[in-house]
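Examination of the molecular architecture
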Amino acid sequence: MMNMQTTLRVARATDRLEEVVRFYVEGLGLDKLGSFENHQGFDGVMLGSPEAQYHLEFTRQRGHLVGDAPTKENLLVFYLPDQGEWTSAVDRMKEAGYQSVPSLNPYWDRHGRTFEDPDGYRVVLQNTAWSQ
């Protein structure tokens, strides 16, 4: 059964491993938790926060192309209800050279900013608390 101790890994392939890692580390502020090279033809990097129960994994399969995001609605949403924390996160993205883009779903533009990673997948920094 899933519970608060369960760790979630969201894994995704990329053709631009170094650029994607830069986006999530320098822009979003995630830490590099681990990496591997040429593990049965795959390279990969795990990113997140050491104390969080989730992390992202980006992989590249040598000699295999995966292409860009299939839609503009492929999102990772981070809820940052504290105004100062949210402003700092948006500013960090901009200082790293990333500009916000209009969200496909206008809901996310009401209280958030959307940024597109080098593969076209999008990250929303939402200035609200998540509620069920």
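Calculation notes
- Residues numbered from 1 in each chain as written.
- Predicted model: local features only at pLDDT ≥ 70, side-chain atom pairs only at ≥ 80, totals over all residues.
- Heavy atoms only, no water.
- Helix = DSSP H or I, 4+ residues; strand = E, 2+ residues; numbered from the N terminus.
- Rg over C-alpha atoms; globule rule 2.2 N^0.38 Å.
- Contact = heavy atoms within 4.5 Å.
- Areas by Shrake-Rupley, 256 points an atom, 1.4 Å probe, with all protein chains shown as cover.
- Pairing = 2+ DSSP bridges.
- Axes fitted to C-alpha atoms, helices over the stretch in contact; angles between N-to-C directions.
- Phe/Tyr/Trp six-rings, centres within 6.5 Å; stacked < 30°, edge-to-face > 60°.

The next point concerns the overall build of the protein chain. Across its full length, the protein chain carries three helices and eight strands. Taken from the N to the C terminus, the helices and strands of the protein chain come in the order β-α-β-β-β-β-α-β-α-β-β. For the protein chain, whose C-alpha radius of gyration is 15 Å, the value lies close to the compact-globule estimate of 14 Å for 132 residues. Once the C-alpha set of the protein chain is aligned to its principal axes, its extents read approximately 45 × 35 × 25 Å. Contacts in the protein chain between residues at least 24 apart in sequence constitute 57% of all its contacts with a sequence separation of at least 6. Of the roughly 8100 Å² that the protein chain leaves accessible, carbon and sulfur atoms contribute 52%.

Relative to the elements of secondary structure, Gly48 occurs in strand β3 (residues 42–48). Sequence separation between Gly48 and Val25 is 23 residues; the distance between their C-alpha atoms is 8.7 Å.

Let us now look at the sheet that holds β3. With respect to topology, four strands assemble into an open sheet ordered β1-β4-β3-β2, the strand pairing being mixed. Whereas interior strands pair on both sides, the edge strands pair on one side only; in this sheet they are β1 (8–13) and β2 (31–39). Between one strand axis and the next, the sheet turns through 15° on average, direction left out of account. Relative to strand β4 (residues 54–61), β1 runs parallel, the two sharing six bridges. For Arg12, the partnering residue across the bridge sits in β4 and is Phe58.

Right, let's get into the packing of aromatic side chains. A complete count under the given rule lists five aromatic pairs for this structure. With 4.8 Å between their ring centres and 70° between their planes, Phe23 and Tyr24 make a pair best called edge-to-face. Here the aromatic rings of Tyr54 and Phe78 are separated by 6.4 Å at their centres, their planes lie at 55°, and the arrangement is tilted. Of the two residues, Tyr54 is situated in strand β4 and Phe78 in strand β5 (residues 75–79); the sequence distance between them amounts to 24 residues.

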